[in-house]
Amino acid sequence: MAPDRRVLARDLGVVAPLRTAEAPLSASQGARPALGLVLTGGGARAAYQVGALAYVAERCPGLSFPILTGVSAGAINATFLAGFRGSLAAASRELGSAWKRLTVDRVFHSDTFSLLLSALRWAMAMVSAGAPVVSRVRSLVDTTPLREFLGETIDLDGIDANITAGRLRALALTTTSYTTGQTVTFVQGAPDVPTWERVMRRGVRDRITVDHVMASAAVPLVFPAVRVDEEYYGDGAVRQGAPLAPAVHLGADRILALAVRYVPPEGRVLRKFVGEPPPAQVMAHLLHSVFLDSLDADAERLDRINELLDRVPADARPPDRLRRIELLVIRPSQDIGAIAMELAETIPANVRLLLRGLGAHRARNADFLSYFMFGEPFVGRLIDLGYEDAARNWPALARFLCVPEE
């Protein structure tokens, strides 16, 4: 059954449970070139996306996403999928295995000496008045382990192979240029894939490398900026006010977005904090504004544009080449911060000590912790949650992906 084209942005993470089908379905009819997948950022929270993809791939043999876009940790997932030479089901299994191997010490040097040395350098920089001896302070942590992990895990040559074979139209990774302040989306795709120029954001063609992935995921100050060609870049979510835009520019008319922001059911209020907030709580709100909030705002704009197009007479040309775009958003049905607090003691002791210094242990929902809790059991819980949420809402997903219902 085709999806209801009047339902333009359906949020699956907070609806009532839906009955799932009993047997796998073929998705050969659902892999249209205009289907795009948008993967948002959020540090370790992005493991949730892997579980949702695993269920979709399991129920839709043959499904593919010709248009893949990602930012921050979502850029890691998108690049892995773009380079994988096999089915979506196999890719999601391998990606889940990779996430479970991605422990804190494989993201950044987390031994006590490295963390103390970093803290000492920052302290010296604060009182040095810019003395050259300490001018090389770049970030809180050294992400060399993550670079090595990505180089071992992602098949970058597979991106071109999949484009040539027609399985992939384009991969787009979004970064923030520290040189110009613009949001820059690097695109590797078919020869006719377009680029774009908008206010403070542009798309450029390039061959995706580990540098591009690292740049997209380089959380400001926490991770070092990354040089690509002659400029330095950081996390693409910082100034990305339109996370759906790259997929739209690349031609998607149906977009599946995998978000990592929990929205409580109507009438329920998230925990309230009393008293002066610790630094970790303030930083959690900042990270939320960077990684989690822009997708919802962009989805709201998309709804309004679609509503406007509904009012355009059938025999009239839509203004400014606008077109209807269907959006389906999957998001967590559980509070990821609450899961992080439950598993906080599983963080390595030295990292936990550093975070306690920021007051993370007093921010009850541990939202700040959730961005940096790489590895088991936290990652496994998020993968399972993504899988369960996709299963719970399978009928809506099936309709959206144009999979015939049983």
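Residues numbered from 1 in each chain as written. Predicted model: local features only at pLDDT ≥ 70, side-chain atom pairs only at ≥ 80, totals over all residues. Heavy atoms only, no water.

Quick word on the overall build of the protein chain
Argument step 1. A count of helical and extended segments in the protein chain gives 15 helices and 11 strands.
Argument step 2. When the 406 residues of the protein chain are sorted by exposure, 52% land in the buried category.
Argument step 3. Partitioning the contacts of the protein chain with sequence separation of at least 6, the portion at a separation of at least 24 is 77%.
Argument step 4. A total accessible area of about 18500 Å² is found for the protein chain, and carbon and sulfur atoms account for 55% of it. (Helix = DSSP H or I, 4+ residues; strand = E, 2+ residues; numbered from the N terminus. Buried < 20%, exposed > 50% of the residue type's maximum accessible area, 1.4 Å probe, protein only. Contact = heavy atoms within 4.5 Å. Areas by Shrake-Rupley, 256 points an atom, 1.4 Å probe, with all protein chains shown as cover.)

Describing the pairing of strand β11 (residues 326-330)
On a regular strand, one side chain projects to one face of the sheet and the next to the other, so that they alternate.
Argument step 1. Taking burial as the measure, the 5 residues of β11 include 5 buried ones, the bulk of the element.
Argument step 2. Neither face of β11 is open: one carries Glu-326, Leu-328 and Ile-330, the other Leu-327 and Val-329, and all of them are buried.
Argument step 3. Bridge count for strand β10 (residues 254-258) against β11 is 5 bridges, and the pairing is parallel. Pairing of Arg-254 across the sheet is with Glu-326, part of β11. (Pairing = 2+ DSSP bridges.)

What about empty space enclosed by the protein?
Argument step 1. All told, the structure shown has 7 cavities of 30 Å³ or more when counted by the stated rule.
Argument step 2. Computed from the structure, the largest cavity encloses a volume of approximately 170 Å³.
Argument step 3. Around the largest cavity sit 17 residues that line it, and Gly-43, Ala-217, Val-219, Phe-223 and Phe-374 are the ones nearest its centre.
Argument step 4. Listing elements by their share of the lining of the largest cavity, those giving two or more residues are α2 (73-83) and α9 (279-291).
Argument step 5. In terms of residue class, the lining of the largest cavity is built from 14 nonpolar, 3 polar and no charged. (1 Å grid on protein atoms, 1.4 Å probe; cavity = no way out; pocket = protein on both sides within 12 Å on 5 of 7 lines; lining within 4 Å. Points joined across faces, edges and corners; volume = space filled by probe spheres on them. Nonpolar A, V, L, I, M, F, W, Y, C, P; charged D, E, K, R; others polar.)

What to know about the pattern of salt bridges
Argument step 1. Across all of its chains, the model carries 13 salt bridges by this definition.
Argument step 2. Note that Asp-192 and Arg-169 form a salt bridge whose closest N and O atoms lie 3.1 Å from each other. Placement of the pair is Asp-192 in the loop between β5 (183-189) and β6 (196-198) and Arg-169 in the loop between α6 (157-165) and β4 (170-177), with a sequence separation of 23 residues.
Argument step 3. The exposure class assigned to Asp-192 is exposed, which follows from its relative accessible area of 54%.
Argument step 4. Put simply, Asp-298 and Arg-301 hold a salt bridge, and the shortest N to O gap is 3.1 Å. (Salt bridge = Lys/Arg side-chain N within 4 Å of Asp/Glu carboxyl O.)

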